[in-house]
Amino acid sequence: NLGTPEGDRLDVLATLIEAYEATRYPVEAPDPISAIELALEQKGLSVSDLVPLIGSIELVEQVLSKKRALTLAMIRRLHEGLGIPAEVLIGVRR
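To keep things clear, this report deals only with the structure shown in the data block. (Residues numbered from 1 in each chain as written. Predicted model: local features only at pLDDT ≥ 70, side-chain atom pairs only at ≥ 80, totals over all residues. Heavy atoms only, no water.)

Looking at the pattern of salt bridges
Our working definition: Take a side-chain nitrogen of Lys or Arg and a carboxyl oxygen of Asp or Glu: if they are within 4 Å of each other, that pair is a salt bridge. Helix and strand labels come from DSSP, where a helix needs a run of H or I of at least four residues and a strand needs a run of E of at least two; each type is numbered from the N terminus. Working definition: with a 1.4 Å probe on protein chains only, accessible area under 20% of the residue-type maximum means buried, over 50% means exposed, and in between means partly exposed.
Tallied over the entire structure, the rule returns one salt bridge. Linking D31 and K66 is a salt bridge whose minimum nitrogen-to-oxygen distance equals 3.3 Å. You can see D31 sitting in the loop between α1 (5-24) and α2 (32-43) and its partner K66 sitting in the loop between α4 (57-64) and α5 (72-82), a full 35 residues away along the chain. Residue class for D31 comes out partly exposed when judged on its relative accessible area of 24%.

Quick look at the packing of aromatic side chains
Where we set the bar: Geometry of aromatic contacts follows a simple scheme: Phe, Tyr and Trp rings, the Trp one being its six-membered ring, pair when their centres are within 6.5 Å, and the pair is stacked under 30 degrees between planes, edge-to-face over 60, tilted otherwise.
Summed over all chains, the structure comprises one aromatic pair. Centre to centre, the rings of Y20 and Y25 are 6.4 Å apart; their planes meet at 70 degrees, and the pair counts as edge-to-face. Of the residues examined, Y20 reaches a relative accessible area of 43% and is grouped as partly exposed.

Take a look at the structure:
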């Protein structure tokens, strides 16, 4: 229980474990295309469902095959439509 000596100790240990794992085993942000593919899979969507967010099916295929980069407009629509963090779509590494 919180506020007890045992609860306080558990809280301190959990904080120490989180700090240790963050320094020893950092989790990097996924590749933007991998994040899009994961979002499609999790939401049960198909590649054709990306057309309203990215453009034509040809453009979707070019983006997914990494032949064409995401534009700012695409990033905004993917963020809003699929809920993928903009930082991930931009490719920002923490």
